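What follows is the residue order along each chain.
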Amino acid sequence: MMTRILATFYVFAATAGLLAALNPGFAGRVRWAMVALSLGALACAGVAVRWGPRWSRHAFHVPVASAAGLIVTAVLVSPDPATAVVAATLMSFIAVDACFFFSLPLAALHLVLAVGGMTGALLLQGDVPAFVALALVPIVIALGTVTRGLVIRASGASRDPLTGLANRRGFDDALQELLTAAARSGEPLSAVLLDLDHFKRVNDASGHEAGDLVLCRVADVWQSELPAGAVFARQGGDEFALLLPGLSGTDGLTLVRRIAALHPEVSLSCGVTEHQRGETAAQLMRRADRALYNAKAAGRGRCELDGDMGSQLARDLADALSAGDVQVHFQPLVDLADGVVVGVEALARWNHPELGPVPPPEFVAVAEQNGLIAALDEHVVRVACTQLAGARTARGDQVTLGVNVSGRELCEPGYPRRLQALLAETGFPAEHLVLEVTETVIEADSSTAVAALHALRTVGLKVAIDDFGTGYSSLSRLDTLPADIIKLDRSFVATVDSSPRRQQMVASLASMCSALGLDVIAEGVETQEQSEVLRTIGCTHAQGWFHGRPMPFGQLLDAVGLHHGEFRPGDLTSAVRSA
Ligand code: C2E
Ligand code: MG
Ligand code: MG
């Protein structure tokens, strides 16, 4: 919109300049100066049309200020008072532009400079009576003021009053514009739908004011992180929508995951999709909605790419799984009392032949959407159980193995039976296998998932609630969760050594878990200070880069003091540090 208005004004100003150049009173050189100014204005219109849609709002100060400069020059070179006044009236374009595009203080600054420049140039021109020059001032100011009033009225209809973001109407208008621009430029355009998880509970428990604060916090964080040109809107209630011109679906997914991680206290689900050639706005948003639905069905608190977009990646992942090209790395888990490595977590790794290493959350989401998650999880469990069956800690016990299970997989009928068959096949003891599920999976009210966890616990497996603390409900249900272990999310650990309140919170949580017979594993421990604080406040176990990064099985045994067969004491502390 800004681009179009700017270009239109440049074209009309150029036309006025060219007509004025026909004035027989112009001396040869001055006439050519006027023609050059007009052609310069036409070129500016072309530049604005071609590149304007990619400029940030701030960039528009340059063409508006340059236009004012061109007009002042035109007034100064005018051969007679009539032409000078005609050129000066073009300053009304600047007033309209500035009051339409910019915030009030910046619009006022442009207006003052424009009016000052215009009046000064008219007086310097010499032939224009002073009162005529001054008479133009209120006209230009009035045009700017009226424009501002109209803009405020019109934008009120497409703004959300609580967050100041565009509302559904504003979003729909922007979507139409961006679709037209994308069709013209051939650049990608992604659309995202976001929905806050369990927002009703926030409203019910803490009141609507608290709910409003959460909505404003989300609006602030996203607006400050989004690139120039992105359109972020509140569609109503706890639903937001986002348009990302210039970004492919996968780039959009990476961006929304990064921003969502900046407010771990507000969990949300996102569906991301990329516009496909010829698709209407309604079709695009239907696919974004489908991706959002998938994100919620997979346990909330996650961002999913629409299945159609991930299909190539899904085919590659299927090939990699059948060729055995998905690797399994292991991250050590230590007993904080003495630093002994007592277990490991198996983490899948995929090195795509062209894209390089694909982040696990990305390929796990692709696997979930394309029916590959069972194959992925089974592959990881088989490889990990085979390699770790018989692996001993420095104390001589069987190493505990944590494996991640997708909520989707857990809901599949027959999952407990298939897992038991895998344990029988690999010879890994059930009581040393820990299933890691996220709390959102249990929150998703899936009775099948919860029944599967109960069934597996009766045959000796342990259940850990992964990333604990990133959802909403579990604290109130800590005593009823079908779990043995709580894996405290790394967002808790990050500030445990710097924030006394956070420290107190983790200490209370640890003592509550211990009273309920639950082990606590702190995730994401990156420094010695964090590890030390966690030990003193009652966390029993820790996992994180300080104690060892995820590594291939080949490195694991030597690096962290594990071994096959008999007891082999070693200097664990130094071994662990070197991992
Ligand atoms: P998770 O189960 O919570 O795994 C822990 C993640 O934290 C891992 O990321 C690990 O590399 C990372 N991490 C560990 N210590 C630190 C630390 O000190 N600092 C930081 N910043 N990060 C640390 P990764 O490997 O990228 O895996 C991400 C998620 O992908 C896992 O989260 C898990 O939910 C999922 N995932 C990984 N492998 C599998 C799998 O085989 N099956 C399924 N269903 N999900 C998997
Ligand atoms: Mg895990
Ligand atoms: Mg985790």
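One can find the structure itself at the top, above this paragraph.
Residues numbered from 1 in each chain as written. Chains lettered and ligands numbered in written order. Predicted model: local features only at pLDDT ≥ 70, side-chain atom pairs only at ≥ 80, totals over all residues. Heavy atoms only, no water.

Description of the environment of L534
Operational definition: Working definition: helices are DSSP H or I runs of at least four residues, strands are E runs of at least two. Numbering for both runs from the N terminus. Relative accessibility under 20% of the residue-type maximum defines a buried residue, over 50% an exposed one, and the middle range a partly exposed one, all with a 1.4 Å probe and only protein chains included. Every residue pair with non-hydrogen atoms within 4.5 Å of one another is taken to be in contact.
Relative to the assigned elements, L534 resides in helix α22 (residues 528-536). Among the residues examined, L534 registers a relative accessible area of 0% and is labelled buried. Here the alpha-carbon distance between L534 and T8, two residues 526 residues apart in the chain, equals 64 Å. Here L534 is in contact with L336, V493, V496, V506, A522, V525 and C539, once residues within four sequence places are set aside.

Regarding the site of ligand 1
Stated precisely, the cut-off is as follows: A single heavy atom is enough: if one lies within 4 Å of a molecule or strand, its residue is considered near that molecule or strand. Pairs of N or O atoms are called polar contacts if they sit within 3.5 Å, as long as, within protein, a hydrogen donor faces a hydrogen acceptor (for residues adjacent in sequence, only side-chain-to-side-chain pairs). All accessible-area figures derive from a Shrake-Rupley calculation using a 1.4 Å probe, and residue coverage is judged against the displayed protein chains alone.
Lining the immediate surroundings of ligand 1 are 22 residues, of which R349, D377, N404, D466 and E526 lie closest. D377 places a polar side-chain atom, nitrogen or oxygen, 2.7 Å from a nitrogen atom of ligand 1. Here an oxygen atom of ligand 1 and a backbone polar atom of W545 are 2.9 Å apart. Against a free-state accessible area of 800 Å², the protein chains account for coverage of 84% of ligand 1.

Some details on a nonpolar patch on the surface
So the rule is basically this: Nonpolar side chains (Val, Leu, Ile, Met, Phe, Trp, Tyr) are joined into patches within 5 Å and like charges within 9 Å, using only residues with over 30% relative accessible area and no salt bridge. Salt bridge criterion: a side-chain nitrogen from Lys or Arg within 4 Å of a carboxyl oxygen from Asp or Glu.
Judged by side-chain polarity, V11, F12, L18, L39 and L42 come together as a nonpolar surface patch covering roughly 420 Å² of accessible area. Of all the secondary-structure elements, those providing two or more residues to the nonpolar patch are α1 (2-21) and α2 (28-51). Per element, the largest residue contribution to the nonpolar patch is three residues, and it comes from α1. Within the fold, L42 resides in helix α2.

Observations concerning the coordination of the magnesium ion (ligand 2)
Spelled out, the test is: A donor here means an N, O or S atom no more than 2.8 Å from the metal, or no more than 3.2 Å when the metal is Na, K or Ca. Since water is not included, a site may seem to lack partners.
Taken together, E345 (OE), N404 (OD1), E436 (OE) and D466 (OD) make up the full set of protein donors to the magnesium ion (ligand 2), lying 2.0 to 2.2 Å away. In the primary sequence, the donor residues of the magnesium ion (ligand 2) line up as E-x58-N-x31-E-x29-D. Here the magnesium ion (ligand 2) and the magnesium ion (ligand 3) are spaced 4.1 Å apart, with D466 acting as a shared donor. With E436 in strand β11 (residues 433-438) and D466 in strand β12 (residues 462-468), the pair connects residues that are 30 residues apart, well separated along the chain.

Some details on the pattern of salt bridges
A pair can form between side chains of opposite charge whenever their charged atoms are brought close. Tallied over the full model, the rule gives 20 salt bridges. Close ionic contact of K200 with D204 constitutes a salt bridge, the shortest N to O distance being 2.9 Å. Linking K200 with D204, this pair stays in helix α9 (residues 199-206), spanning four residues, or about one helical turn. Assessed through its relative accessible area of 60%, K200 is described here as exposed. The exposed category is assigned to D204, whose relative accessible area is 55%. Notably, a salt bridge pairs R287 with D306, separated by 2.6 Å at the nearest N-O pair. Of the two residues, R287 sits in helix α12 (residues 281-297) while D306 sits in the loop between β5 (303-305) and α13 (307-322), which places them 19 residues apart along the sequence. With respect to class, R287 is no different from D306; both count as buried.

Quick word on the layout of surface pockets
What counts is decided by this rule: Cavities and pockets were defined on a 1 Å grid built over protein atoms only: a cavity is a set of grid points that admits a 1.4 Å probe from which the probe cannot escape, a pocket is an open set flanked by protein on both sides within 12 Å along at least five of seven lines, and lining residues are those with an atom within 4 Å of any such point. Grid points are joined across faces, edges and corners, and a volume is the space filled by probe spheres set on the points. Any residue that is not Ala, Val, Leu, Ile, Met, Phe, Trp, Tyr, Cys, Pro, Asp, Glu, Lys or Arg is counted as polar, Gly included; the first ten are nonpolar and the last four charged. Each domain's extent was defined by an automatic or database domain assignment.
Counted as a void, the second largest pocket has a volume near 1900 Å³. The wall of the second largest pocket is formed by 50 residues, among which P361, T438, D467, D489 and R490 lie closest to the centre. Residue composition of the lining of the second largest pocket, grouped by class: 21 nonpolar, 13 polar and 16 charged. A domain-level breakdown of the lining of the second largest pocket finds at least three residues from each of domain 2 (168-305) and domain 3 (312-559).

Topic: the side chain of Q398
When you line up the elements, Q398 lands in the loop between β9 (391-392) and β10 (400-404). Among the polar contacts listed, one links the side chain of Q398 to the backbone nitrogen of G390, at a separation of 3.0 Å. Discounting chain neighbours no more than four positions away, the residues touching Q398 are L388, A389, G390, A391, R392, T393, F428, P429 and H432.

Describing the packing of aromatic side chains
Stated formally: The aromatic pairing rule takes the rings of Phe, Tyr and Trp, using the six-membered ring of Trp, and pairs them if the centres are within 6.5 Å, calling planes under 30 degrees apart stacked, those over 60 edge-to-face and the rest tilted.
Inspection of every chain in the model, using the stated rule, returns eight aromatic pairs. Ring centres 5.8 Å apart and planes at 70 degrees place the aromatic pair F100 and F101 in the edge-to-face group. Relative accessible area serves as the criterion here: at 2%, F101 is assigned to the buried category. An angle of 15 degrees between the planes, with centres 5.7 Å apart, marks the rings of W222 and F232 as stacked.

Description of the sheet that holds β5
Put simply, the test is: Criterion used throughout: strands pair if DSSP finds at least two bridges between them. As a rule, the C-alpha atoms of each element are fitted with a line to give its axis, helices using only the stretch in contact, and angles between N-to-C directions run from 0 to 180 degrees.
Taken together, the five strands give an open sheet; going across it, the order is β2-β3-β1-β4-β5, and neighbouring strands pair in mixed fashion. Whereas interior strands pair on both sides, the edge strands pair on one side only; in this sheet they are β2 (231-236) and β5. Strand-to-strand twist of the sheet, defined as the mean angle between neighbouring strand axes without regard to direction, takes the value 20 degrees.

What about the coordination of the magnesium ion (ligand 3)?
The coordination sphere of the magnesium ion (ligand 3), as far as protein atoms go, consists of D466 (OD), D467 (OD), E523 (OE) and E523 (OE), spread over 2.0 to 2.6 Å. Each donor residue of the magnesium ion (ligand 3) lies on one chain, and together they are spaced D-D-x55-E. Note on D466: relative accessible area 6%, which makes it buried. For D467, a relative accessible area of 26% puts it in the partly exposed group.

Details of unusual backbone geometry
Unlike most non-glycine residues, H198 shows phi in positive territory, near 55 degrees. A positive phi is found at D467, a non-glycine position, where the angle reads about 50 degrees. Within the secondary structure, D467 is located in strand β12.

Details of the pairing of β10
Both strand β7 (residues 341-352) and β10 contribute to a ladder of four bridges, which runs parallel. Following the sheet pairing, V344 is matched in β10 by L401. Sheet topology places β10 next to β11; four bridges connect them, and they run parallel. Looking across to β11, one finds that N404 is bridged to E436.

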